[in-house]
Every structure is written in C-alpha cells, then in structure tokens.
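Structure assessment
Listed here are the chains, written in short residue letters.
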Protein chains: 2
Amino acid sequence: MSFLSFRYEDHSNFFSEECFKARVKENIDYLEKVQEGEEKYASFLGWHRVDEWAGEEWLKRYESLASEIRKECDTLVVIGVGGSNQAARAVYEALGKKDIEIIWAGNTLSAHSVNKLFEKLEEKKNIYINCIAKNFETLEPGIAFRALRCYLQKKYGEDYNSHIIVTFTENTYSWKMAEEQGYKTLPFPINIPGRFTSLSPVCLFPLSVAGFDIRAMKRGAIEMEHKLKNSTDNPALAYATARTMLKDSGKTVELLSVFEPSLFRFEKWWKQLFGESEGKDGKGLLPMDALYSEDLHSLGQFLQDGSPSVFETFLHIKDPVASFVLGSDGVEDGFSYIEGMDFSYINNMAYEATISAHSKRFPCLIIEIKKMDEETFGSLFYFFQFACYISCLITGVNPFIQDGVEAYKNDMFRMLGKK
Amino acid sequence: MSFLSFRYEDHSNFFSEECFKARVKENIDYLEKVQEGEEKYASFLGWHRVDEWAGEEWLKRYESLASEIRKECDTLVVIGVGGSNQAARAVYEALGKKDIEIIWAGNTLSAHSVNKLFEKLEEKKNIYINCIAKNFETLEPGIAFRALRCYLQKKYGEDYNSHIIVTFTENTYSWKMAEEQGYKTLPFPINIPGRFTSLSPVCLFPLSVAGFDIRAMKRGAIEMEHKLKNSTDNPALAYATARTMLKDSGKTVELLSVFEPSLFRFEKWWKQLFGESEGKDGKGLLPMDALYSEDLHSLGQFLQDGSPSVFETFLHIKDPVASFVLGSDGVEDGFSYIEGMDFSYINNMAYEATISAHSKRFPCLIIEIKKMDEETFGSLFYFFQFACYISCLITGVNPFIQDGVEAYKNDMFRMLGKK
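Okay, so let's go over this structure. (Residues numbered from 1 in each chain as written. Chains lettered and ligands numbered in written order. Predicted model: local features only at pLDDT ≥ 70, side-chain atom pairs only at ≥ 80, totals over all residues. Heavy atoms only, no water.)

1. Concerning the pairing of strand 9 (residues 310-317) of chain B
All names here are of chain B. With eight of eight residues buried, strand 9 is to be regarded as a mostly interior element. Along strand 9, one buried face is formed by V310, E312, F314 and H316 and the opposite face, lined by F311, T313, L315 and I317, is buried too. Of the pairings in the sheet, the one linking strand 9 to strand 10 (residues 364-369) comprises six bridges and is parallel in character. Counterpart to E312 in the pairing with strand 10 is C364. You can see the chain leave strand 9, run along helix 14 (residues 343-358) and come back into strand 10, and the turn it takes is right-handed. (Buried < 20%, exposed > 50% of the residue type's maximum accessible area, 1.4 Å probe, protein only. Helix = DSSP H or I, 4+ residues; strand = E, 2+ residues; numbered from the N terminus. Pairing = 2+ DSSP bridges. Right-handed = clockwise from strand over helix to strand, strands pointing away.)

2. Some points on the packing of aromatic side chains
Taken as a whole, this structure holds 91 aromatic pairs over all chains when the rule is applied. Aromatic pair W269(A) and F381(A): ring centres 4.7 Å apart, planes at 70 degrees, arrangement edge-to-face. Residue W269(A) is found in helix 12 (residues 264-278), and its partner F381(A) is found in helix 15 (residues 374-395); the two are separated by 112 residues along the sequence. In this structure W269(A) comes out as buried when scored by relative accessible area, which is 3%. The buried category is assigned to F381(A), whose relative accessible area is 0%. Each ring, one from F383(A) and one from F384(A), has its centre 5.1 Å from the other, and the planes form 75 degrees; the classification is edge-to-face. Grouped by ring-pair contacts, the aromatic residues F6(A), Y239(A), F266(A), W269(A), W270(A), F274(A), F377(A), F381(A), F383(A) and F384(A) constitute a single cluster. The ring of F413(A) carries K418(A) above its face, with NZ or CZ at 4.3 Å from the centroid. Directly above the ring of F145(B) sits R149(B), whose terminal nitrogen or CZ lies 4.7 Å from the centroid. (Phe/Tyr/Trp six-rings, centres within 6.5 Å; stacked < 30°, edge-to-face > 60°. Lys NZ or Arg CZ within 6 Å of the ring centre and 35° of its normal.)

3. Some details on the nonpolar core
Most often, soluble globular proteins have nonpolar side chains that are buried together. Core analysis: the biggest nonpolar cluster contains 133 residues, and F145(A), F168(A), I338(A), F145(B) and F168(B) have the highest contact counts within it. Other than its neighbours up to four places away in sequence, F168(A) contacts C131(A), A133(A), F136(A), F145(A), S174(A), W175(A), M177(A), A178(A), L186(A), P187(A) and F188(A). (Core = buried A, V, L, I, M, F, W, Y, C linked by side-chain atoms within 4.5 Å. Contact = heavy atoms within 4.5 Å.)

4. A look at the relation of the copies chain B and chain A
Superposing chain B onto chain A requires a rotation of 180 degrees together with a translation of 0.0 Å along the rotation axis, leaving an RMSD of 0.0 Å. Taken together, the turn and the small shift mark the pair as related by a two-fold rotation axis. Interface overlap between copies is the fraction of interface residues in one copy that are interface residues in the other; for chain B against chain A it reaches 99%, indicating a shared surface. (Least-squares fit on C-alpha atoms with pLDDT ≥ 70 in both.)

5. Observations concerning the sheet that holds strand 7 (residues 253-258) of chain B
Residue and element names in this part refer to chain B. Judged by pairing direction, the sheet is mixed, and its five strands sit side by side in the order 1-10-9-7-8 without closing on themselves. Strands with a single pairing partner mark the edges of an open sheet, and in this sheet they are strand 1 (4-9) and strand 8 (286-291). Put simply, the sheet's adjacent strands are angled 20 degrees from each other on average, direction ignored. (Axes fitted to C-alpha atoms, helices over the stretch in contact; angles between N-to-C directions.)

6. Focus on the packing of helix 2 (residues 28-36) of chain A against helix 15 of chain A
Residue and element names in this part refer to chain A. It is the contact of helix 2 with helix 15, at a shortest axis distance of 9 Å, that shows an interaxial angle of 130 degrees. When the axes of helix 2 and helix 15 are compared, the pair comes out oblique. Considering the relative orientation of helix 2 and helix 15, their crossing is right-handed. In this structure, helix 2 uses Y30, L31, K33, V34 and Q35 to contact helix 15, whose residues at the interface are F386, Y389, I390, L393 and I394. Classifying every residue of the contact of helix 2 with helix 15 by side-chain character gives eight nonpolar, one polar and one charged. (Parallel < 35°, antiparallel > 145°, perpendicular 65-115°, else oblique. Left-handed = near helix turned anticlockwise from the far one by under 90°. Nonpolar A, V, L, I, M, F, W, Y, C, P; charged D, E, K, R; others polar.)

7. Let's talk about the packing of helix 10 (residues 214-229) of chain B against helix 15 (residues 374-395) of chain B
How two helices sit against one another is set out by the angle between their axes and by the gap between those axes. Residue and element names in this part refer to chain B. The interhelical angle for the contact between helix 10 and helix 15, taken along N-to-C directions, is 40 degrees, at an axis separation of 6 Å. Viewed along their axes, helix 10 and helix 15 adopt a mutual orientation that is oblique. Helix-helix and strand crossings are classified by hand; for helix 10 and helix 15 the assignment is right-handed. Contacts between helix 10 and helix 15 involve A216, M217, R219, G220, A221, E223, M224, E225, L228 and K229 from the first element and E374, E375, G378, S379, F381, Y382, F383 and F386 from the second. A breakdown of the residues in the contact of helix 10 with helix 15 according to their chemical character gives nine nonpolar, three polar and six charged.

8. Some details on helix 7 (residues 139-156) of chain B
Residue and element names in this part refer to chain B. Taking 1.5 Å of rise per residue, 18 residues should cover 26 Å, and helix 7 covers 25 Å from first to last C-alpha, within 8% of that figure. Counting buried residues along helix 7, 14 of its 18 residues qualify, which places the element largely inside the surrounding structure. Looking one or two residues past helix 7, G157 carries a phi angle of roughly 70 degrees, positive in sign. (Expected span 1.5 Å × (residues − 1).)

9. Looking at the side chain of D289(A)
Residues and elements named next belong to chain A. Tracing the chain through its elements places D289 in strand 8 (residues 286-291). At 2.9 Å, the side chain of D289 forms a polar contact with the side chain of K271. With near-sequence residues (within four places) excluded, D289 lies in contact with L255, L256, E267 and K271. (Polar contact = N/O pair within 3.5 Å; in protein donor to acceptor, adjacent residues only side chain to side chain.)

10. Here's the deal with the interface of chain B and chain A
On the chain A side, the residues contacting the 118 residues of chain B number 117 residues. Looking at the side of chain B facing chain A, the largest losses of area belong to R146(B), H297(B) and Q301(B), adding up to 9% of the total buried there. There are 14 salt bridges connecting chain B and chain A. Residue R149(B) pairs with D333(A) through a salt bridge whose shortest N-O separation is 2.9 Å. In this structure, the connection of chain B to chain A is made through 50 residue pairs in polar contact (both at pLDDT 80 or more). Here the side of chain B that touches chain A gets twelve residues from one element, more than from any other, and that element is helix 14 of chain B. For the side of chain B that touches chain A, the class distribution of residues is 50 nonpolar, 40 polar and 28 charged. (Buried area = accessible area lost by both parts, 1.4 Å probe. Salt bridge = Lys/Arg side-chain N within 4 Å of Asp/Glu carboxyl O.)

11. With respect to the sheet that holds strand 7 (residues 253-258) of chain A
Residue and element names in this part refer to chain A. Spatial ordering of the open sheet is given by 1-10-9-7-8, a layout of five strands whose pairing is mixed. Every other strand in the sheet has two partners, leaving strand 1 (4-9) and strand 8 as the edge strands with one partner each. Between one strand axis and the next, the sheet turns by 20 degrees as a mean value, whatever way the strands run. Relative to strand 9 (residues 310-317), strand 7 runs parallel, the two sharing five bridges. Considered in strand 9, the bridge of L256 is made with T313.

12. Examining the side chain of R243(A)
Residues and elements named next belong to chain A. When you line up the elements, R243 lands in helix 11 (residues 235-248). Given a relative accessible area of 0%, R243 falls into the buried group. Looking at R243, its side chain comes within polar contact range of the side chain of E254, at 2.8 Å. Of the polar contacts made by the side chain of R243, one reaches the side chain of E278; its length is 2.7 Å. With residues near it in sequence (within four places) discarded, R243 still touches E254, F274, E278, L285, F311, L365 and S391.

13. A look at unusual backbone geometry
Note that the residue after Y292(A), namely S293(A), is joined by a cis bond; omega there is 5 degrees. With respect to the helices, strands and loops of the structure, S293(A) is situated in the loop between strand 8 and helix 13 (296-305). The backbone phi angle of D281(B) is positive, close to 55 degrees, even though this residue is not glycine. Here D281(B) lies in the loop between helix 12 (264-278) and strand 8.

Written out as structure tokens, the structure reads:
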C-alpha cells in the first residue's frame, strides 16, 4: 500500500520478531473471516463494502442535494453526537473550512455551550441544518434540533422547514414526522452502527455541502478495501495483532499520539470506534489520545517513568502539511542552531525523538500516511474500521453492539419523567 | 468548606465505609507532613504559602504592569507550554474572554498551527506578548518567541521591544538577554515547579491583563490554604486517600469527568499536575479526561462494561452556569416531556444519572463546587496541588521533579544538532 504503512519499534525487549510473526500467522483465520464478513453480523456490515452506501448512485444523490443547498447557504449546522458527527468533524477540523462553514451542535447539554452556539449563529446570513440521528430518542441531538427549529422559525417564518435536512432511520416515527413536515430526507444506514458510518450519508453529505471532495474520500476507502480484502500481508492484521498481544501482556491503555493538533477530532473518532466496539464483557483496551508536542510536556514524564500500563500508537503524516521557516530578529537567544529550519522539519525531528525515547520503555506501533487530504481520510476510516473488526474477533467480543450505555440512558429518562 | 465538598458513591461493593475511614486515619501522618511542608522539599514549596507569590506587594506589581499594558493593547499573546500556560488558560477558557483577548502560542511545533496563529494576528490592532519559560531552552516557546519577535519587529519597527514582557528565571542567560533588550520582566518563581505555579506571576499576570479578578483568585486560594492546613477533616486527604486506595486495588487510570465543556483546559491542567508529579519510579495513576455529556456517547460503553481498569472522579459545578429553556415550534417530535425545562436542569440530571449508572460498576469520587468564578478557581488550584502532594507522599514518589522527560529532550537536541 503506497499511502499507509504499519510497523513497530521496540527497544524494550517486549516483542520478539519471531513471536510477533507467529501470532500474525495464527490470526490469519480471523482475517479471513473479516475479509468475507461473517454471516451472523450481516445486519451490521453495511460499511464493509464501501460501494453499498458510497456507490455512484448514492454519491450523485448526496452531491445533488448538497449543491442545491450550497446555492443558498453560508452556514450548515450539523446536529449529531458520537457516531453521527465524529467522522465528518474529523475531516472538517483537519482539512480546514472550505467555502461553507459547518457549526457543530447537538452534542452537549450545557446551557453555556448552547448560548454560545446561538451567539455565533447571529453572525451568519443563511443557515441550513442537517440533523443526524439513528435513534431519535437520544437527548442531545433531539433537543438541539428542537431549539434550532424554534430559531429558524423566528428567522424565516413559515418557510423554515425548507432549511432542514434530516438523516434519520427510514420507517420510524421520526422519519414520518420529517416527511409530514416537509423536511428533506436522507436515510441513516440501517445496517451500520453509528461509529462505522464514515462512508455513508452521515459523513459524506455534510462534507459535500461544505465543499470537500467526497469522491476522493470514496476513492481512498475503495483502494483500502481492495488491499485489505485481498492480501494476508495486511497492515490491519498486523496492527490488530500487535495491539491485542500488548493487551494480553498486561497493557490496559492504548494511547493514540499525533504531531498535528488539527487531528484532534480524528482522535475522538478513533476513541469511540475502538472504545465502544471493544469495551465489553470486561474486556478491551482503554483508548486515550495525545496531541504532541504539547502533551509531551504533560504526559511525557508518566510515559517514560510512570506505571507501565500504557503503550502507544503513532499516527503520523510524512509529507509536511504546511511550511514556516524560523527567521531572526538579531537577538542572541540561544536558538541560532535552528535558524532557517522549517517548523515541519523540527516537528518531524520531535516525532523521531519521541519514538526513540518511548520505544526504550514500551513498544511503539507506528502508522504512517503520506499526506493529509480527503483520499487519505477515506483510507484511514476504512483501515481502522477493518482493524477494529479483527481486533474484536481476536478479543472475543461482538464489535457491533453497545448495550452498556443503556444503564445511564434509562436512569436519565426516569429522572426526566419520560414515559 | 462551603464551596468545595468531597464524597464518593459506590454501589460496586468496592469500598467499605470502615475500611475507607481507617485508611484516612492512617494517612493523617502524611497530611501533617504536607500541612507543615517537608524540609527536604523546601526549594519546591514556593506555592505552599499562597502569600509567597500572591501577597499584596506582588499583586500590586502584577496589576500595575497589567494596567499599563491594558491602556495600549487589544491582544496579549501568551507564549508558554505545559506548566507555563495551563492554569491561566484553564481560567480563561472557562470564564470566557473579558475585554482583552489572549492568544495562546509556544505550545506547538506544527507549521500549520503557527500559520493559523499569524493569520489570526493580522486581524488584531495592538499586540503585546508575554513569554513565560522557566527553562528557556525548551523548544516550543523558544522558537515561537523568536517568530513573534520577528513579526513585532516588522509591525512596530525599532520600538518592538516595548511590546514584550518576559516571565523568566532570574539570573539566567535569558534573563540577562531580556534586560539587555529592554523587555519588561517578571520573575518565574525559582522555588515552584511549573505545574504548581497557578498562584504566581506565571498565571496571575496574563489573567490580570485580560481583565480577570486576580484578587478573588487569591482569596479563594488563601481560604482553601487555611482550611486544608488547619483540619484533619480534610477533603484533600479524603480525595488522596480514595484515589491511592483505588490504585492499590488494581485501578490504573483515573478519569476526570466534567459536564461543562469549557472546563476542557482545566482538565489539561489537572492531567499535567498529577501525571507529571506521580508518574515516576514505575508508579502513578494515568490521568485521563472526559467531557460529558458528549463523551458518554463514546466512552460510556467501555466504562460500563469494558476492562475494569478505570475509576472516575467527577468535578461538578452545582449552581447553573447559564440558562437556556427549551421551547416548542409545535412539531410533535417526541420531546414534549422536557418542554419548558432548562438545559442546566437537564444537564444536572445527566450528571446524576451518570453517577447512578457508573457507581454500580466502580466507585465514583465526587468533588462539587458551587459556582464557576475566579474565587473558585483559586481554591481548586490550591486544593488539587495540596491533594497531589499528599498523594505522592502516600505513593512514595518525589512530587516535584520530572527527570523522565530528559530522554526525549536529549534525543531531540541531538537530532537538531544542538551543542
């Protein structure tokens, strides 16, 4: 694969090359199951063939609805929480605003945050909203949608319905409500759990409205699908094997570290994908994120010398994302040894130095990609989803359910007096 | 203490009341040591008596320099990383911008982030910078300071030096450089490790420039100091005892959870305080943060049903921070049962429901404060610093050093060709 590579570095004598290779070989049975897609999970595998929700017909539909809206609006408010917004937001925050701004809502119950949202909207000219929810009972998107409808009603009068696009599960109460109210509709894929919806209308439609190249995303994902399904020399298998081996050897936390702060939201997407898929039946690695180099000044000490509960996975972009060369104002400040260097070069040295230092303490897993663009995100989403499925098989849990969250939801509905 | 309380909730049969009380009693020896401050740590205890760096004379000095600058500037760029910026930033992000904006720099090597910083500065009228560094060899603040000086030189010509205030260690190379260049200077407290500098010029000066009430912060801290040093019925002792008991029973991760997203930076401050103080000699709890309710949709499943490696500490504000009442646009959307409720009330119910659900799985430690203002932050900073000192004594590590980060720094300096 030209644009994604996996390797590990270990000077802590934790892995032996032979042991790792033997384990990869043992796990090929799991890989084959994942490559085919197991019959028992058929109703969750809508993401497994990228073309199922990102085929030509679908892309045309997302793009045509998007271009209709793009003619009118300067701002799209995306209402969603967890699996309904993380993937789109990861791309948006990493690649930066294009011509149309997205504002993210429906992910908080804080009145303070909601007030800030409406203050921000006051500066905008023409607003559309895309409410995304698999299960429309979920509180945060539900009440944000209502608050935003009230706002639109005041702003646009009777015609406010035309500013609304919903991505809901078909043939549900909320879907019927949407049709009655005359909202535009897109289907929330019934056969994909929220955290696996990166290559579906959940993620692709808002990104298309914002001006991103969703065909490039699809291209990256398809190429990755082809690679992962047709080879046993497989980076997803290697990654899944390494991380589950580390778990078996007593590690409890996987830290995903990046040297590009704008990947912050991608880390959140990754955390949900693995935490919610793997964290059940008393099992799973706790996923945690770090934004370097800043967090080296906070977590570095612990990693190097604290409890040995953590191992680290680095996600790194090889080509410089941007350029800024350090100049001089003539002051002898002790930093002349890096004068004329590019920040991107220095950042890369910090990356190398971190791996060199940390891999003396624990194995470092390293995933490198070439550059940061839509195509890469498509491939990353598919790569991690596929690797997560293998990991869960090795761990022995069902990747596609999340019934552990019901306890909290039931307690809350009871307290709020829901019947 | 009227404005901070500690308790725990546990329906997992992990703690017994008697066992906890007995352990608290045993730990009173440690409390007494911390109340007095140990002789062997004297050179690190500049934070221990709030008046040492936030006494009347000091406050006057911070305020008078701040008011001089406030007359001129609309934007203060604070250059710092880790302990040099976390506390001030925690207050700034939580309480919101006052009349003068702070832009945070010196915490990244990403060229992308640095470019965004300079784009932002183009919109500003009159810029001052406060560069804060205990050890001016640190790369991120060092090169950001240089890049910003070059920028100011272009913008203001020869007079650019008058826009610079440095908070440096006295009698060092960088301090002499600052004096030669005619920068305004404040001392970085030589007897406080960076992560304990919340009640010193490192934090108080930039907040004073931005328009925050630093006397209220000091008041909160002094009141907390008085309470913690004069009682054995002590929330800091109780918190330190509970968390170290949980560590001894096999928990590896402490998750600090908040229901107010604007406490995001406070969590980062807390993570550094505990991670860097406690994470040494193969010991320590890994500190991790969660922003609820959003992260419930990502981590909730793992916490409820995944590996039992985590326990949770809730930091909660009791009084509503803001108000937003849910109205109606007349659509039957299934949320009429919460019509007319305030988001702050709903958020509070989510908090109660989360504790109810999670405490069935593991003990939940609960720290409640009344409201979110400068006074509270002063008391919180002191509370956690004091509790961290006790925790480290119980754990058996030196809270005030951080030599584990040297490995990475040495590797990097070598790669960059530093002599």
